Amino acid sequence: MNELTYNIIYQSIGIIALVIIVLSFQIKDQKKLLIANALACTIWAIHFIMGKAYSGVMLNLIAVIRGFGLAFISNKKWRTAFISLLVAALIAAGVITVIYFSEIWYLALITTIGSTLGTILFSLNSPKLLRCGQLFGISPAWLFYNIWYLSIGGIIAESLNMISVIVSFIRFHFHKK
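Each chain carries its own residue numbering, running from 1 in the direction its sequence is written. With the structure being a predicted model, the display of local features is reserved for residues of pLDDT at least 70 and the display and counting of side-chain atom pairs for 80 or more, all residues being used for whole-chain, interface and lining totals. Calculated side-chain values reflect all of the structure's heavy atoms, with hydrogen atoms and water omitted.

Considerations on the overall build of the protein chain
Turning to step 1, where the next piece is worked out: Runs of E in the DSSP output that reach at least two residues are strands. Runs of H or I that reach at least four are helices, and both are numbered from the N terminus. Across its full length, the protein chain carries seven helices and zero strands.
Turning to step 2, where the next piece is worked out: Sequence-ordered secondary structure for the protein chain, helices as α and strands as β, is α-α-α-α-α-α-α.
Turning to step 3, where the next piece is worked out: Taken over C-alpha atoms, the radius of gyration is set against a globule rule of 2.2 Å times the number of residues to the power 0.38. Against the compact-globule benchmark of 16 Å for 177 residues, the protein chain has a radius of gyration of 16 Å, which places it among compact chains.
Turning to step 4, where the next piece is worked out: On the principal axes, the C-alpha backbone points of the protein chain span a range of 55 × 35 × 25 Å.
Turning to step 5, where the next piece is worked out: Relative accessibility decides the category of a residue: with a 1.4 Å probe and only protein chains considered, values under 20% of the type maximum give buried, values over 50% give exposed, and everything between is partly exposed. Across the 177 residues in the protein chain, those meeting the buried criterion constitute 44%.
Turning to step 6, where the next piece is worked out: Note on contacts: a residue pair qualifies if any of its non-hydrogen atoms lie within 4.5 Å across the two residues. Considering only residue pairs separated by 6 or more positions, the protein chain has 67% of its internal contacts joining residues 24 or more positions apart.
Turning to step 7, where the next piece is worked out: Accessible surface, the protein chain: about 10000 Å² in total, of which carbon and sulfur atoms supply 74%.
Turning to step 8, where the next piece is worked out: Neither His nor the chain ends contribute to the count of charged residues, in which Lys and Arg are positive and Asp and Glu negative. Think of each charge as sitting on NZ of Lys, CZ of Arg, CG of Asp or CD of Glu. Positive and negative charge centroids in the protein chain, built from 13 and 4 side chains respectively, lie 20 Å apart. A 1.4 Å probe and the Shrake-Rupley method give the accessible areas. Residues count as covered only by the protein chains that appear here.

Following this line, the structure appears as structure tokens:
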């Protein structure tokens with residue numbers, strides 16, 4: 001397969017994940033949103049395998065587990081233990097990608113911090129905190145990573161995530177008045 005064909009497939013897979021993320025903006029049910037997010041993360045993982053972006057692969061695979069786990073674990077004790085295991089797995093994944101896959105350390109660090117923040121905030125079930133984390137931590141981290149690996153779908157997805165949060169802040173601010 002030539003480089004152009006490979007790049008078209010790489011970018012197309014990222015666009016498919018982007019479409020799922022955009023469609024998920026309309027999902028109001030938390031469980032369905034988490035499942036849609038897990039599906040998108042599965043596709044992002046495939047996308048990043050093609051891009052040889054190994055932190056992206058591992059962190060998205062953990063996010064798949066996070067999505068299904070948070071969708072179906074309702075017991076507070078089990079949920080807390082689950083989140084603790086996920087945070088440990090995310091940190092281990094970041095370290096493994098640097099040591100084993102020779103990922104650039106600051107790329108692994110940025111995405112690991114973003115994913116860890118996202119995991120913790122998803123578990124708190126606080127939309128306002130999640131939006132703040134998305135705007136100031138999660139999306140900027142992943143936007144940088146997606147720019148580094150020239151992921152068009154990822155760049156658009158994180159840009160839309162940030163715009164969506166800004167719009168929601170404006171909407172909620174004016175709605176209160």
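Now, onward.
Topic: the packing of aromatic side chains
Turning to step 1, where the next piece is worked out: When two rings of Phe, Tyr or Trp (its six-membered ring) have centres within 6.5 Å they constitute a pair, described as stacked for plane angles under 30 degrees, edge-to-face for angles over 60, and tilted for the intermediate range. Here the structure, examined in full by the defined rule, presents 10 aromatic pairs.
Turning to step 2, where the next piece is worked out: When the centroid spacing of 6.3 Å and the interplanar angle of 35° are considered together, the rings of Phe144 and Trp148 count as tilted. Taken together, the residues span about one helical turn, with Phe144 and Trp148 both in helix α6 (residues 127-148) at a distance of four residues.
Turning to step 3, where the next piece is worked out: An aromatic cluster is defined as three or more aromatic residues linked by ring pairs; in this entry it consists of Trp44, Phe48, Trp142, Tyr145 and Tyr149.
Turning to step 4, where the next piece is worked out: Positioned over the ring face of Phe172 is Arg171, at 4.9 Å from the centre of the ring. Should the NZ of a Lys or the CZ of an Arg lie within 6 Å of a ring centre and within 35 degrees of the ring normal, that charge is described as sitting over the ring.

A closer look at the environment of Arg66
Turning to step 1, where the next piece is worked out: Among the secondary structure elements, Arg66 is positioned in helix α3 (residues 54-72).
Turning to step 2, where the next piece is worked out: When the C-alpha atoms of Arg66 and Ala38 are compared, they prove to be 7.6 Å apart, with 28 residues separating the residues in sequence.
Turning to step 3, where the next piece is worked out: Non-local contacts of Arg66, meaning those with residues more than four positions away in its chain, are made with Asn37, Phe82, Leu86, Ser115, Gly118, Thr119 and Phe122.

Brief notes about the packing of helix α2 (residues 30-50) against α3
When two helices pack together, their arrangement is given by the angle between their axes and by how far apart the axes lie.
Turning to step 1, where the next piece is worked out: One can describe the packing of α2 onto α3 by two numbers: an axis separation of 8 Å at closest approach and a directional angle of 165°. Accordingly, the angle class assigned to the pair α2 and α3 is roughly antiparallel. Considering the relative orientation of α2 and α3, their crossing is left-handed. Every residue of α3 that contacts α2 at Lys31, Leu34, Ile35, Asn37, Ala38, Cys41, Thr42, Trp44, Ala45, Phe48 and Ile49 is listed here: Gly56, Val57, Asn60, Leu61, Ala63, Val64, Arg66, Gly67, Phe68, Leu70, Ala71 and Phe72. Each axis is a line fitted through C-alpha atoms, taken for helices only over the stretch in contact, and angles between the N-to-C directions span 0 to 180 degrees. The scheme is simple: roughly parallel for angles under 35 degrees, roughly antiparallel for over 145, roughly perpendicular for 65 to 115, oblique for anything else. Each helix crossing is assigned a hand: it is left-handed if the near helix lies turned anticlockwise from the far helix by less than a right angle, otherwise right-handed if that turn is clockwise.

A short note on the nonpolar core
Here is a general trend for soluble globular proteins: nonpolar side chains tend to be buried in one another's company.
Turning to step 1, where the next piece is worked out: Here, the term nonpolar core denotes a set of buried Ala, Val, Leu, Ile, Met, Phe, Trp, Tyr and Cys residues that are joined through side-chain atoms within 4.5 Å. Of all hydrophobic cores here, the largest spans 32 residues; its most connected members are Trp44, Phe48, Leu70, Ile83, Trp142, Tyr145 and Tyr149.
Turning to step 2, where the next piece is worked out: For this core, the elements supplying multiple residues, two or more each, are α1 (3-24), α2, α3, α4 (76-99), α5 (105-124) and α6.
Turning to step 3, where the next piece is worked out: Excluding residues that lie within four positions of it along the chain, Ile83 makes contacts with Leu70, Thr119 and Ser123.

These values are about where atoms sit, not about what they do.
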